[in-house]
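The lines below spell out each chain.
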Amino acid sequence: MGFFNFLGLGKQPQTVVPNIPFNTQVAIQKGIVTWQGGTSQAYVNDGYQRNDIVYSIIKLITDKAKIAPFHVYKVIDETAAARYKTIMAQPDKIKNLHEVNQLHKKAFEIYTGDARLNDLIKYPNEEDTFSDLVEQWCGFKLITGNSFIYAKLIEGGANQNKPFELFALPAQYMAIIADVEVFPPVRVGYQLYYGKLWSFDSREILHDKYFNPAWNVTGNQLYGQSPLMAAARTLTRSNEAKTAAVASFQNGGPAGVLFMNDDNFDPISGAQQAQALKKAISEKGGAANYNSIAVSGYKVDWKQIGLSPVELNIIESEKWDMKALCNIYGVPAQLLNDTDSKTYNNQSEGEKALTLRCAIPLLNSLTENLNRKLHTDWGYKGTNIYVGYDVQVYQE
């Protein structure tokens, strides 16, 4: 209960349903709980939490995205605003950032007339800054393909229906309730299953998602496709290679067997000879004896009984896994210490590509979805208010 009290979820849980699978279909408001068809929780557990490459890639992107400051603007030139949005939709095509900044000044001006919205953009809730919310928003979308933002709405007064607080909900536990008997399916609500079942009205939730072409009768297309779904085989190979390497180090046992190879071997004195040989070799162990030579007066032989990570080709496969996962997210591999392309120029170009190909597209989607919700369900319909980020923070 503490987690949900902290979120400000004032509603009591709809029902307590122990041990019910997340994708169970329940009739609510003439809708059914749709199914994603994939396991978003696995993307969180096996991707972001347990794979260092995926974690590093997503952290690179979210760290870049969250530094952009957000402001409340008033649109003063609709034509210039539309042109600015068109240009920012293709940031890699921008040739003159100064002209873009001038166009922004022509289209928008800082607006301080709505204290509630300005406070929200600074601190969306009691625990997070807006930068924290951006990090969670982008992180969930990169991992699961979906971000769900819950708005605690003001119920009355001059600010009725305006958001009082914003929270990023755990996308891996969210379900969309939809009426699938009409076309296209209509969203009628959302559910969060986390120990208890929590229901939300559709106007309380902002859903930002990636494109998903996998349509089916259970509403799979209502969810975004996770990039990790396309990279599932690569992610599995990467995780299994790491498991194999750890097992090799932890449970490999002896690398081989050193044995007497003498036709005249005497079983009676053999134990003494073996102990003497073991002592001679052990004395050459440790860093201080690196590259030293152990000499034996006995005729001996060696049989290897294990393979090292190098011989298993694990290290080489990890390099290719890193590049493949970077490709999925559009992140330049040199930013993850890819030695094949790690030069100063490549590093500089990599930072630029990270901004233009990863961070800005995420921020554009975030901005457009936030303003869509503000101008429909969140109390700002018919106004010229616009919430946006300042691109000038990206010097590259």
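Right, let's walk through the structure included here. Given the structure is predicted, the values throughout are model-derived calculations rather than measurements.

**Examining the sheet that holds strand 8 (residues 196-201)**
Read across the open sheet, the four strands follow the order 1-6-7-8; overall the sheet is antiparallel. Strand pairing shows two members of the sheet lacking a second neighbour, strand 1 (32-33) and strand 8, which therefore form its edges. The sheet contact formed by strand 1 and strand 6 (residues 174-179) spans two bridges and is antiparallel. Across the sheet, residue Val33 finds its bridge partner in strand 6, namely Ile177.

**As for the pairing of strand 7 (residues 186-194)**
Both strand 6 and strand 7 contribute to a ladder of six bridges, which runs antiparallel. Across the sheet, Met174 pairs through a bridge with Leu192, a residue of strand 7. By the bridge criterion, six bridges tie strand 7 to strand 8 in an arrangement that is antiparallel. Residue Tyr190 lies in a different strand from strand 8, and its bridge partner there is Phe200.

**Points about the side chain of Gln221**
Looking at where Gln221 falls in the secondary structure, it is placed in the loop between strand 9 (205-209) and helix 8 (227-230). Every residue in contact with Gln221, bar those within four places of it in the chain, is listed here: Pro185, Lys209, Asn212, Ala214, Trp215 and Asn216.

**With respect to the packing of helix 4 (residues 78-88) against helix 5 (residues 97-107)**
For the pair helix 4 and helix 5, interaxial distance at closest approach is 8 Å and the crossing angle is 145°. The two elements helix 4 and helix 5 meet at a crossing, and its hand is left-handed. Contact residues: Ala80, Ala81, Arg83, Tyr84, Ile87 and Met88 in helix 4; Val100, Leu103, His104, Lys106 and Ala107 in helix 5. The class makeup of the residues in the contact of helix 4 with helix 5 is eight nonpolar, one polar and two charged.

**Details of unusual backbone geometry**
A cis amide bond, omega -5°, links Phe183 with the succeeding residue Pro184. Mapping Pro184 onto the fold places it in the loop between strand 6 and strand 7. In this model, Asn161 sits at a positive phi of 75°, which is unusual for a non-glycine residue. Here Asn161 lies in the loop between strand 4 (146-153) and strand 5 (163-169).

**What to know about the environment of Gln225**
One can find Gln225 in the loop between strand 9 and helix 8. For Gln225, a relative accessible area of 25% gives the class partly exposed. Beyond its immediate sequence surroundings of up to four residues, Gln225 is in contact with Thr144, Gly145, Tyr210, Phe211, Asn212, Pro213 and Ala230.

**So, the pattern of salt bridges**
Going through the model one piece at a time under the given rule, you end up with eleven salt bridges. With its nearest N and O atoms 3.5 Å apart, the salt bridge here joins Lys74 to Glu109. Separated by 35 residues along the polypeptide, Lys74 in strand 2 (residues 70-75) and Glu109 in strand 3 (residues 108-110) bring together distant segments of the chain. With a relative accessible area of 25%, Lys74 lands in the partly exposed category. Here the residues in one salt-bridge network are Lys59, Asp63, Lys66 and Glu135, joined through shared partners.

**Overview of the packing of aromatic side chains**
Considering all chains together, one arrives at eleven aromatic pairs under this definition. Arranged with centres 6.3 Å apart and planes meeting at 25°, the rings of Tyr150 and Phe167 form a pair that is stacked. Linking Tyr150 in strand 4 with Phe167 in strand 5, this pair joins segments that are 17 residues apart in sequence. Tyr150 gets classed as buried once you look at its relative accessible area, which sits at 5%. Lying across the ring of Tyr210, Lys141 places its NZ or CZ 4.7 Å from the centre. Directly above the ring of Trp320 sits Lys323, whose terminal nitrogen or CZ lies 5.0 Å from the centroid.

Conventions and cut-offs
- Residues numbered from 1 in each chain as written.
- Predicted model: local features only at pLDDT ≥ 70, side-chain atom pairs only at ≥ 80, totals over all residues.
- Heavy atoms only, no water.
- Pairing = 2+ DSSP bridges.
- Helix = DSSP H or I, 4+ residues; strand = E, 2+ residues; numbered from the N terminus.
- Contact = heavy atoms within 4.5 Å.
- Axes fitted to C-alpha atoms, helices over the stretch in contact; angles between N-to-C directions.
- Left-handed = near helix turned anticlockwise from the far one by under 90°.
- Nonpolar A, V, L, I, M, F, W, Y, C, P; charged D, E, K, R; others polar.
- Buried < 20%, exposed > 50% of the residue type's maximum accessible area, 1.4 Å probe, protein only.
- Salt bridge = Lys/Arg side-chain N within 4 Å of Asp/Glu carboxyl O.
- Phe/Tyr/Trp six-rings, centres within 6.5 Å; stacked < 30°, edge-to-face > 60°.
- Lys NZ or Arg CZ within 6 Å of the ring centre and 35° of its normal.

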